[in-house]
Amino acid sequence: GKKSSQKSSSPGTKKMNPSEAKRAQRSLVERYGGDIGKGTQERIQASMESLEPHLREAAELHKAVTQFDALVAPMTPADRNRLIPAVQSQMAEDDRAKLKSLMEEHNISAYDLHNVYQ
C-alpha cells in the first residue's frame, strides 16, 4: 500500500510529485546544456563505481556534507533553526562524523575526495 501519512509540509507548499520533479530537472538540464552535464554525470558515476567502497562512501558523504554546508553557510543561526529540521542537522553531523572516521581509518585526504568530482 501507499504511505500517505507524511503530511509534514505546511499548507501552500506542495511537494513536487516525481514526474513534476523530473520535468523540472529536465528543463534545468536543457537550459544549462544537458549533454555536458550528462557527460560529466556519467564520468563521475563511472569513476565513483571504479572506486573502492570506502572511498566511494567517503566521497558521497563529502558531497552531502559540502552541499549541506553550502546551503546553511549564508543563514543566521535563527534561520538555520527555523528552516532546517533538527533531524536534518543531526544527519549532517552524523555524516560529518562518519566521514571523518572513514578519512582517518583509510588515510583519505580532503584533496582525494575533491579529486573524485573533477
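Data block above holds the structure.
Enquirer: Provide a residue-level description of the packing of helix H3 (residues 53-72) against helix H5 (residues 86-106), including the pertinent values.
Expert: Contact geometry for H3 and H5: axes closest at 9 Å, N-to-C directions at 140 degrees. What the angle tells us is that H3 and H5 run oblique. Crossing of H3 against H5: the hand is left-handed. Here H3 contributes His54, Glu57, Ala58, Leu61, His62, Ala64, Val65, Phe68 and Asp69 to the contact with H5, which in turn contributes Gln88, Ser89, Ala92, Asp95, Arg96, Lys98, Leu99, Leu102 and His106. A per-class count over the contact of H3 with H5 returns 8 nonpolar, 5 polar and 5 charged.

Enquirer: If you had to explain the pattern of salt bridges to someone new, which residues and values would you point to?
Expert: Counted by the stated rule, this structure contains 4 salt bridges. Of the charged contacts, one joins Arg96 and Asp69 as a salt bridge, the two residues approaching to 2.8 Å between their closest N and O atoms. Residue Arg96 is found in helix H5, and its partner Asp69 is found in helix H3; the two are separated by 27 residues along the sequence. Classification of Asp69 as partly exposed rests on a relative accessible area of 29%. Here Asp79 and Arg82 are joined by a salt bridge, their closest N and O atoms 2.8 Å apart. Here Asp79 and its partner Arg82 are both found in helix H4 (residues 77-83), 3 residues apart, which amounts to about one turn of the helix. Judged by relative accessible area, Arg82 falls into the exposed class, the value being 60%. Through salt bridges with shared partners, a single network forms among Asp69, Glu93 and Arg96.

So, how was this worked out
- Residues numbered from 1 in each chain as written.
- Predicted model: local features only at pLDDT ≥ 70, side-chain atom pairs only at ≥ 80, totals over all residues.
- Heavy atoms only, no water.
- Axes fitted to C-alpha atoms, helices over the stretch in contact; angles between N-to-C directions.
- Helix = DSSP H or I, 4+ residues; strand = E, 2+ residues; numbered from the N terminus.
- Parallel < 35°, antiparallel > 145°, perpendicular 65-115°, else oblique.
- Left-handed = near helix turned anticlockwise from the far one by under 90°.
- Contact = heavy atoms within 4.5 Å.
- Nonpolar A, V, L, I, M, F, W, Y, C, P; charged D, E, K, R; others polar.
- Salt bridge = Lys/Arg side-chain N within 4 Å of Asp/Glu carboxyl O.
- Buried < 20%, exposed > 50% of the residue type's maximum accessible area, 1.4 Å probe, protein only.

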